[in-house]
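Architecture and fold: a report
So the chains spell out like this:
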Amino acid sequence: ASAGTYALTFDLYRDGVGVARATTSVVVKAAAVGAGVTKSVVVIGDSLIDNATSAPTVLPTLFGAGDPMDITMLGTRGTGPGLHEGRAGWSTTTYTTLATSGGVTNAFWDGSAFSFPAWKTAQGYATVDYAIINLGINDIFTPTTDAAAATAITTALAQLGTMVTSITGTGTKVGICVTTPPARSQDAFGASYGSGQTRWRYRRNLAAWNTALIATFGGRTAEGIYLLPTNAALDTVNNFPTTTAAVNSRNATTSARQNNGVHPASTGSAQLADVMHHWIK
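Presented here is a report on the structure given in the accompanying data block. Please read these numbers as outputs of a predicted model, since none were measured by experiment.

As a further point, take the pattern of salt bridges. Counted according to the given criterion, the structure contains 7 salt bridges. One salt bridge connects Glu 85 with Arg 87, and the closest N-O pair in it is separated by 2.8 Å. The exposure class of Arg 87 is buried, given its relative accessible area of 2%. Residues Arg 204 and Asp 146 are paired through a salt bridge, measuring 2.8 Å at the closest nitrogen-oxygen approach. Remark: Asp 146 occurs in helix α5 (residues 146-168) and Arg 204 occurs in helix α7 (residues 199-217); sequence separation between them is 58 residues. A relative accessible area of 43% places Arg 204 in the partly exposed class. Put simply, Asp 146, Arg 201 and Arg 204 are held in one network by salt bridges that share partners.

This is the structure we're talking about:
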């Protein structure tokens, strides 16, 4: 309720025995912080960023009229004020190795590599205050073994590191979204992917990825690198798309079933925007 810094401790117990502890601080800023200030923001990512109800479309509404601080969204995709650099289906590999993919241009490609400075120059952006990166899903979605997942994680972390270095080298602060969890139900995976991937396998890949992501980029705020806890903000039970279907073939009673494995509903996208808002604020 009040601005300040508050200590927070998490204790994990198994069968009544403490097995892990983590501590952090919750920093609460006053509503008036940033009054009269406008910051420039670009959000880079995958399909969670590249859709009509994505976080970049919500983020501008949380500033300006809703906040005494304001932002200007930057990017070559989307429509104002929710411009962005999201590309559905893209991964760290796509951004760091390809000029185009699926008919979509990589605006960061300088002819040989990912280059944030080249992107700034091409778009005429003298200053970019914040860059937010939301990637990971397409990097680690498909592996079906721990060994394959480990290989994919090693590759993706190196490529993400290339992107981050290119961005921080220009003085822009980087917020890396800790990759969001999938929908709570296997129904969602069956609807989206048939038997192509199971929720439990992807969830295992994701746990390994986020553990490595946090170990690699955590504790580096002095370098202008921050972790955004989008993974903890998304309600995977209530904020994913659903469809209405009969409970079974012998019962006409209907129930809501999740029908999208990794893409949240608009309410879920708004939760991701909340995290971005809090970080910038």
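Having seen it, we continue.
All right, on to helix α1 (residues 55-62) then. Most of α1 is tucked away, with 6 of its 8 residues classed as buried. When we look at burial in α1, the residues that qualify are Ala 55, Pro 56, Val 58, Leu 59, Pro 60 and Leu 62. Looking at the buried residues of α1, the elements they touch are β3 (38-45), β4 (70-74) and α9 (266-280). Count one or two residues on from α1 and you reach Gly 64, which has phi positive near 65 degrees.

Attention shifts here to the nonpolar core. One finds Phe 116, Trp 119, Ile 132, Leu 160, Trp 209, Met 276 and Ile 280 to be the most contacted residues of the largest nonpolar core, which totals 64 residues. No other element matches the 8 residues that α5 contributes to this core.

It is worth spelling out the pairing of strand β12 (residues 251-258) at this point. Side chains on a regular strand alternate between the two faces of the sheet. With 6 bridges joining them, strand β11 (residues 242-248) and β12 adopt antiparallel strand pairing. Directly across from Thr 244, in β12, lies its bridge partner Ala 256. Where β11 folds back on β12, the antiparallel hairpin that results is connected by 2 residues.

Another aspect to go through is the pairing of β4. In the sheet, β3 pairs with β4 via 5 bridges, with the strands oriented parallel. Looking at β4, one finds that Ser 40 is bridged to Thr 72. In this fold, β3 hands off to α1, which returns the chain to β4; that crossover is right-handed.

The angle between the axes and the distance between the axes are what describe a pair of packed helices. Put simply, α5 and α7 touch, their axes get as near as 10 Å, and they point 40 degrees apart. In this view, α5 runs oblique relative to α7, as classed from their interaxial angle. Every pair of crossing elements has a handedness; the one defined by α5 and α7 is right-handed. Between α5, through Asp 146, Ala 149, Ile 153, Ala 156, Leu 157, Leu 160, Gly 161 and Val 164, and α7, the contact on the second element is made entirely by Arg 201, Arg 204, Asn 205, Ala 208, Trp 209, Ala 212, Leu 213, Thr 216 and Phe 217. Here the residues of the contact of α5 with α7 sort into 11 nonpolar, 3 polar and 3 charged.

Take a nonpolar patch on the surface next. A cluster of nonpolar residues, Tyr 6, Leu 8, Phe 10, Val 26 and Val 28, forms a patch on the protein surface that exposes about 400 Å² of accessible area. For the nonpolar patch, the secondary-structure elements that each account for two or more residues are β1 (4-14) and β2 (17-28). It is β1 that contributes the most residues to the nonpolar patch, 3 residues altogether. Mapped onto the elements, Phe 10 comes out in strand β1.

Rules behind the numbers
Going along each chain's sequence as written, the residues are numbered from 1 onward. Reporting of local features is limited, given that this is a predicted model, to residues whose pLDDT is at least 70; pairs of side-chain atoms are given and counted only at 80 or more, and all residues count toward the totals for whole chains, interfaces and linings. With hydrogens and water excluded, all non-hydrogen atoms of the structure serve as input to the side-chain values. Salt bridge, as applied in this entry: a Lys or Arg side-chain nitrogen positioned within 4 Å of an Asp or Glu carboxyl oxygen. When accessible area is computed with a 1.4 Å probe and restricted to protein chains, residues below 20% of their type maximum are described as buried, those above 50% as exposed, and intermediate ones as partly exposed. Only DSSP runs of H or I covering at least 4 residues are called helices, and only runs of E covering at least 2 are called strands; the numbering of each starts at the N terminus. Contact criterion: two residues are considered in contact whenever any of their non-hydrogen atoms come within 4.5 Å of each other. To form a nonpolar core, buried Ala, Val, Leu, Ile, Met, Phe, Trp, Tyr and Cys residues must be joined to one another through side-chain atoms within 4.5 Å. Strands were regarded as paired on the criterion that DSSP finds at least two bridges between them. Assignment of crossover handedness uses the view with strands pointing away from the viewer, where a clockwise path from the first strand over the helix to the second indicates a right-handed crossover. Each axis is a line fitted through C-alpha atoms, and for a helix only the stretch in contact is used; angles between axes span 0 to 180 degrees, taken between their N-to-C directions. Put simply, angles under 35 degrees are roughly parallel, angles over 145 are roughly antiparallel, angles from 65 to 115 are roughly perpendicular, and the rest are oblique. The sense of a crossing depends on the near helix, which, turned anticlockwise from the far helix by less than a right angle, makes the crossing left-handed and, turned clockwise, makes it right-handed. Residues were grouped as follows: Ala, Val, Leu, Ile, Met, Phe, Trp, Tyr, Cys and Pro as nonpolar; Asp, Glu, Lys and Arg as charged; and all remaining residues, including Gly, as polar. Residues forming no salt bridge and having over 30% relative accessible area are the ones grouped into patches, like charges within 9 Å of each other and nonpolar side chains (Val, Leu, Ile, Met, Phe, Trp, Tyr) within 5 Å. Areas reported as accessible are Shrake-Rupley estimates using a 1.4 Å probe. Residue values count occlusion only from the protein chains shown.

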